[in-house]
Amino acid sequence: AFTQGRVAAGSLLARLAQAQAEGDIDEAELIAQSAMLLFAGHETTRHLLGTGVLRLLENPAQWQLLQTQPALAANAVRELLRYEPPVQYTGRRARADLEFAGQAIKRNDLVLACIAAAHRDAQRYPQAEQLDIAYTGLFMHGYDHPTLHLEESVMRCGELRCAAVMADLHEIYL
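Residues numbered from 1 in each chain as written. Predicted model: local features only at pLDDT ≥ 70, side-chain atom pairs only at ≥ 80, totals over all residues. Heavy atoms only, no water.

Colleague: I'd love a proper account of a nonpolar patch on the surface, names of residues and values included.
Modeller: A cluster of nonpolar side chains, contributed by Tyr89, Leu110 and Leu112, occupies part of the molecular surface with about 360 Å² of accessible area. Mapping Leu112 onto the fold places it in strand E4 (residues 110-114). (Patch = residues over 30% accessible without salt bridge, like charges linked within 9 Å, V, L, I, M, F, W, Y side chains within 5 Å. Areas by Shrake-Rupley, 256 points an atom, 1.4 Å probe, with all protein chains shown as cover. Salt bridge = Lys/Arg side-chain N within 4 Å of Asp/Glu carboxyl O. Helix = DSSP H or I, 4+ residues; strand = E, 2+ residues; numbered from the N terminus.)

Colleague: Which residues make up the environment of Asp109, and what values go with them?
Modeller: Here Asp109 lies in the loop between strand E3 (103-105) and E4. Between the alpha carbons of Asp109 and Gly91 there is a distance of 10.0 Å; along the sequence they are 18 residues apart. Discounting chain neighbours no more than four positions away, the residues touching Asp109 are Arg92, Arg93 and Ala94. In terms of polar contacts, Asp109 uses its side chain to reach the backbone amide nitrogen of Lys106, at 2.9 Å. (Contact = heavy atoms within 4.5 Å. Polar contact = N/O pair within 3.5 Å; in protein donor to acceptor, adjacent residues only side chain to side chain.)

Colleague: I'd love a proper account of the packing of aromatic side chains, names of residues and values included.
Modeller: Evaluated as defined, the whole model comprises 1 aromatic pair. One residue, Arg124, lies across the ring of Tyr125, its end atom 5.2 Å from the ring centre. (Phe/Tyr/Trp six-rings, centres within 6.5 Å; stacked < 30°, edge-to-face > 60°. Lys NZ or Arg CZ within 6 Å of the ring centre and 35° of its normal.)

Colleague: Before we move on, can you summarise the packing of helix H2 (residues 27-58) against helix H4 (residues 73-83) with the specific residues and values?
Modeller: Packing of H2 against H4 brings their axes to within 10 Å, and their N-to-C directions diverge by 95 degrees. Between H2 and H4, the angle is such that the two are roughly perpendicular. Between H2 and H4, the residues in contact are Leu48, Gly52, Arg55 and Leu56 and Val77, Leu80, Leu81 and Tyr83, respectively. Of the residues in the contact of H2 with H4, the class split is 6 nonpolar, 1 polar and 1 charged. (Axes fitted to C-alpha atoms, helices over the stretch in contact; angles between N-to-C directions. Parallel < 35°, antiparallel > 145°, perpendicular 65-115°, else oblique. Nonpolar A, V, L, I, M, F, W, Y, C, P; charged D, E, K, R; others polar.)

Any functional reading would require information that these geometric values do not contain.
Written out as structure tokens, the structure is:
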């Protein structure tokens, strides 16, 4: 079995293994989801830190603001996720037939969302091309992404939520 006593009871991996044992997902999906958890938690955090430091170095006024107002750290992480997300796009399979923006999406169709483009939507973010760690119109609670609400049944940007949670858990104060 997948877990063979190596995974904590009640953990997400244990729940995925249980779903596979009950026939809700197959072994390939179990492996894919397990790998996604690894990369969502490690790779995205690593890239967020690297590009975040670079973008702050390129924007010395923002770096100075963060140094003088460390309470902006959590918001800075969210703004750095918006400004240059570690995950540029994501794909999911539609769970149900639906229509989005006049486009018919059938169950099991692959849906790709360009997260980076959504984050530069000038209708959603008034100064989308500028890094502003004090901007308060960002997703704040639950790490929800306001511009990617295709449908709950189609996709969620779990990678972004995971990077934000990981960054918060590491208490990043650049």
